[in-house]
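Okay, here's what each chain looks like letter by letter:
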Amino acid sequence: FPMGLDETYYAISLTEADRLERLISESRHGNAGYTVLHSFTDPAPAVSPSLVDYLGRRKAHAFVLPRALSPIYVGAVAEGTRVTFFVSNETRENKELKFSYAVLSSDGRHVFRDSFTVSVLAFSTLDILSSDFTELVGGRLDEYYVAYSVSDSFVAVSKGTLLFTQPKFFKLKKPNILAELTGGGNKFILTLSADAYVKGVEISFGDMPVTIEDNYFDIPDRSSLRVDLHTEHATAIEVLRRKMRIRSAYDLGREYTASEAVD
């Protein structure tokens, strides 16, 4: 029972957070369309580095998105070339996680990389590291980015990328995405690789109901990335290959420019 305006607002915020979490859950379970998304990548814009408000209570909105998507979440915020990395552990167990990060150029080449172990208490958030990358990046904020991840028992449980500038100003290289689809029946594996940084990969199978492990993510470097696919019924792999469309932020930029030329 709220005892004042501040507590009333907090109660309303918690109710709204529950509503958002329910909508996210419904979308992930396929009620919003054909494609089902099991996991998402880097909801950083919705994340606050602080788990609690000034009264020591959990922020209602700050962690509803990562809580709904992943029990362990790593994120990063930037002020110029200074980047602060943080991790949230929404599980009931204390965690020993391996944190890895790297500074890369737009062609996917590593300029710097490092990794170390961090201890995160149950139901807590932790600032992992704050570092200034001015010497590595210089004034070329539109050509460099940061990739980061945390692993639990050698399995990456959360990862993301961070640009030093707004996405529309970043100089994306043509990624030349290579896609290899294998498998059979109703279980398939899509292996993706590229020769440059890929921002916002989107996989589509048109009106075919396909469950996609992840349908919007980055390929941060030149290593390959695996995505699991499931179809409702046994499907010929040739049909999937024919229906499959893969595009990224680079392609969207070209499509927009082309549409302007037509207009």
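Residues numbered from 1 in each chain as written. Predicted model: local features only at pLDDT ≥ 70, side-chain atom pairs only at ≥ 80, totals over all residues. Heavy atoms only, no water.

**Observations concerning the overall build of the chain**
Defined as follows: Elements are defined by DSSP. Helices are runs of H or I of four residues or more, strands are runs of E of two residues or more, and each kind is numbered from the N terminus. For every residue, the accessible area obtained with a 1.4 Å probe (protein chains only) is divided by the maximum for its type, and the residue is called buried under 20%, exposed over 50%, and partly exposed between those limits. Pairs of residues are marked as contacts when any of their non-hydrogen atoms sit within 4.5 Å. Note on areas: Shrake-Rupley, 1.4 Å probe, and residue coverage restricted to the protein chains presented here.
Scanning the chain from terminus to terminus reveals five helices and 15 strands. Within the chain, the fraction of its 263 residues that count as buried is 39%. Considering only intrachain contacts with a sequence separation of at least 6, the fraction spanning at least 24 residues in the chain is 61%. With an accessible surface of roughly 14,700 Å², the chain has 54% of that area assigned to carbon and sulfur atoms.

**Quick notes on the side chain of serine 105**
Of note, serine 105 is situated in strand E4 (residues 95-105). Serine 105 has contacts with Val111, Glu143, Tyr144 and Tyr145, leaving out every residue within four places of it along the chain.

**Side note on the side chain of threonine 231**
As a reminder, the rule being used: The term polar contact refers here to a pair of N or O atoms within 3.5 Å; inside protein, the definition further demands a hydrogen-donor-capable atom paired with an acceptor-capable atom, and it admits residues adjacent in sequence only when both atoms are side-chain atoms.
Mapping threonine 231 onto the fold places it in strand E14 (residues 225-231). Among the polar contacts listed, one links the side chain of threonine 231 to the backbone oxygen of histidine 233, at a separation of 2.7 Å. Within the structure, the side chain of threonine 231 is placed 3.3 Å from the side chain of threonine 235, a separation counted as a polar contact. Not counting residues up to four positions away in its chain, the partners in contact with threonine 231 are Gly185, Asn186, Phe188, Pro209, Val210 and Leu240.

**Description of the packing of aromatic side chains**
Note the following rule: Side-chain rings of Phe, Tyr and Trp, where Trp is taken by its six-membered ring, are said to pair if the distance between their centres is within 6.5 Å; with planes under 30 degrees apart they count as stacked, over 60 as edge-to-face, and otherwise as tilted.
All told, the structure shown has 12 aromatic pairs when counted by the stated rule. On the basis of an interplanar angle of 55° and a centroid distance of 5.9 Å, the ring pair of tyrosine 101 and phenylalanine 112 is categorised as tilted. Within this pair, whereas tyrosine 101 is found in strand E4, its partner phenylalanine 112 is found in strand E5 (residues 110-120), the two being separated by 11 residues in sequence. Judged by relative accessible area, tyrosine 101 falls into the buried class, the value being 7%. For the ring pair tyrosine 101 and phenylalanine 133, a centre distance of 6.3 Å and an interplane angle of 50° mean the geometry is tilted. Of this pair, tyrosine 101 sits in strand E4 while phenylalanine 133 is found in the loop between strand E6 (124-132) and helix H3 (134-137), placing the two residues 32 residues apart along the sequence. For the pair tyrosine 101 and phenylalanine 133, one class covers both residues: buried. An aromatic cluster of three or more residues is present, and its members are Phe85, Phe99, Tyr101, Phe112, Phe116, Phe133, Tyr148 and Phe164.

**Quick notes on the sheet that holds strand E2 (residues 72-79)**
The condition that has to hold: Note on pairing: DSSP must find at least two bridges between two strands before they are called paired. Only the stretch in contact is used when fitting a helix axis, every axis being a line fitted to C-alpha atoms; angles between N-to-C directions are given from 0 to 180 degrees.
The three strands are arranged E2-E3-E6 in an open sheet whose pairing can be described as antiparallel. The outermost strands of the open sheet, each flanked by one partner alone, are E2 and E6. Strand-to-strand twist in this sheet, taken as the mean axis angle between neighbours without regard to direction, amounts to 20°.

**Focus: the layout of surface pockets**
Rules: Every definition here rests on a 1 Å grid over the protein atoms only: cavities are sets of points where a 1.4 Å probe fits but cannot get out, pockets are open sets enclosed by protein on both sides within 12 Å along at least five of seven lines, and lining residues have some atom within 4 Å of a point. Grid points are joined across faces, edges and corners, and a volume is the space filled by probe spheres set on the points. The classification used treats Ala, Val, Leu, Ile, Met, Phe, Trp, Tyr, Cys and Pro as nonpolar, Asp, Glu, Lys and Arg as charged, and all other residues, Gly among them, as polar.
As a volume, the largest pocket reaches approximately 700 Å³. Lining the largest pocket are 32 residues, with Ser100, Tyr148, Ser149, Ala156 and Asp221 sitting closest to its centre. Those elements that provide at least two residues to the lining of the largest pocket are E4, E5, strand E7 (144-152), strand E8 (155-163) and strand E13 (216-219). Tallying contributions element by element places E4 first for the lining of the largest pocket, with seven residues. Taken together, the residues of the lining of the largest pocket sort by class into 13 nonpolar, 11 polar and eight charged.

**Structural notes on the sheet that holds E13**
Strand order in this open sheet of three strands is E13-E11-E15, and the pairing throughout is antiparallel. The outermost strands of the open sheet, each flanked by one partner alone, are E13 and strand E15 (245-247). Each neighbouring strand pair of the sheet contributes to a mean axis angle of 30°, computed without reference to strand direction. As defined by bridge partners, strand E11 (residues 198-204) adjoins E15 across three bridges and the pair is classed as antiparallel.

**Here's the deal with the environment of glycine 184**
Checked against the element boundaries, glycine 184 lands in strand E9 (residues 178-184). With 51 residues separating them in the primary sequence, glycine 184 and threonine 235 have C-alpha atoms 7.2 Å apart.

**Focus: the pairing of E14**
On E14, burial follows the alternation: Leu225, Val227, Leu229 and Thr231 on one face are buried, whereas Arg226, Asp228 and His230 on the facing-out side are not. Relative to E14, strand E12 (residues 210-214) runs antiparallel, the two being bridged by three bridges. Counterpart to threonine 211 in the pairing with E14 is histidine 230.

**Looking at the environment of threonine 231**
What makes threonine 231 buried here is its relative accessible area of 7%. Remark: the alpha-carbon pair of threonine 231 and glycine 185, spanning 46 residues in sequence, is separated by 8.3 Å.

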